[in-house]
Amino acid sequence: MSFHKRRSFVTVDSLDSKRKAYFDTKLLRLSGAMTVQSVVKHFLTEGDKLLISRLSPLADQGGYAIASNYGTSCCHALRCCSLIVIQVRSLRETCSSQ
């Protein structure tokens, strides 16, 4: 028993003629644009780590990792504290209005 792949073509209407393609060209352009956008976003968010890992000695990399992780921990702690303060304020307002 043998299986043959069936090639399915998409008919693409262009101004001059109709042609057959494996993929829809509009969809390919959209996926290409989204892929480029994802790569640029990755380099913007993780670019500092990539550069540090390539250009710095190990001692500097360790210092950067500690400072980076400490900074994010502080940001998360401040955000958590601000949420708690907001909840306590709303609870206090609710209790005082009754």
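Just so you know, the residues in each chain are numbered from 1, in the order the chain's sequence is written. Selection of residues for local features in this predicted model requires a pLDDT of at least 70, selection of side-chain atom pairs for listing and counting requires 80 or more, and totals for whole chains, interfaces and linings are taken over all residues. The basis for every side-chain value is the complete set of heavy atoms in the structure, and neither hydrogens nor water enter the calculation.

Draft legend 1. Representation of the overall build of the protein chain. Strands here are runs of E lasting at least two residues and helices are runs of H or I lasting at least four, both read from the DSSP assignment and numbered beginning at the N terminus. Looking only at helices and strands, one finds two helices and two strands in the protein chain. The buried share of the protein chain, reckoned over its 98 residues, is 3%. Exposure classes here rest on a 1.4 Å probe applied to the protein chains alone. A residue is buried below 20% of its type maximum, exposed above 50%, and partly exposed in between.

Draft legend 2. View of a nonpolar patch on the surface. On the surface, a nonpolar cluster with roughly 350 Å² of combined accessible area is contributed by Tyr22, Phe23 and Leu28. Mapped onto the elements of the fold, Tyr22 is located in the loop between strand E2 (18–21) and helix H1 (25–55). A patch is a set of surface residues, each over 30% in relative accessible area and not in a salt bridge, joined within 9 Å for like charges and within 5 Å for the nonpolar side chains Val, Leu, Ile, Met, Phe, Trp and Tyr. Note on areas: these come from Shrake-Rupley sampling with a 1.4 Å probe, and a residue is covered only by the protein chains present in the view. Salt bridges are counted wherever a side-chain nitrogen of Lys or Arg sits within 4 Å of a carboxyl oxygen of Asp or Glu.

Draft legend 3. Quick peek at the pattern of salt bridges. Per the counting criterion, the structure on display carries one salt bridge. Residue Glu46 pairs with Lys49 through a salt bridge whose shortest N-O separation is 3.5 Å. With Glu46 and Lys49 both in helix H1, this residue pair falls three residues apart, about one helical turn. Classification of Glu46 by relative accessible area gives partly exposed; the value is 28%. Looking at Lys49, the relative accessible area reads 41%, which means it is partly exposed.

Draft legend 4. Representation of the confidence of the model for the protein chain within the structure. Known as pLDDT, the predictor's per-residue confidence is scaled from 0 to 100. Taken over all residues, the pLDDT of the protein chain has a mean of 76, while the share at 70 or more is 73%. Looking at the elements of the protein chain, mean pLDDT is at its lowest for strand E1 (residues 10–13), recorded as 57, and at its highest for H1, recorded as 90.

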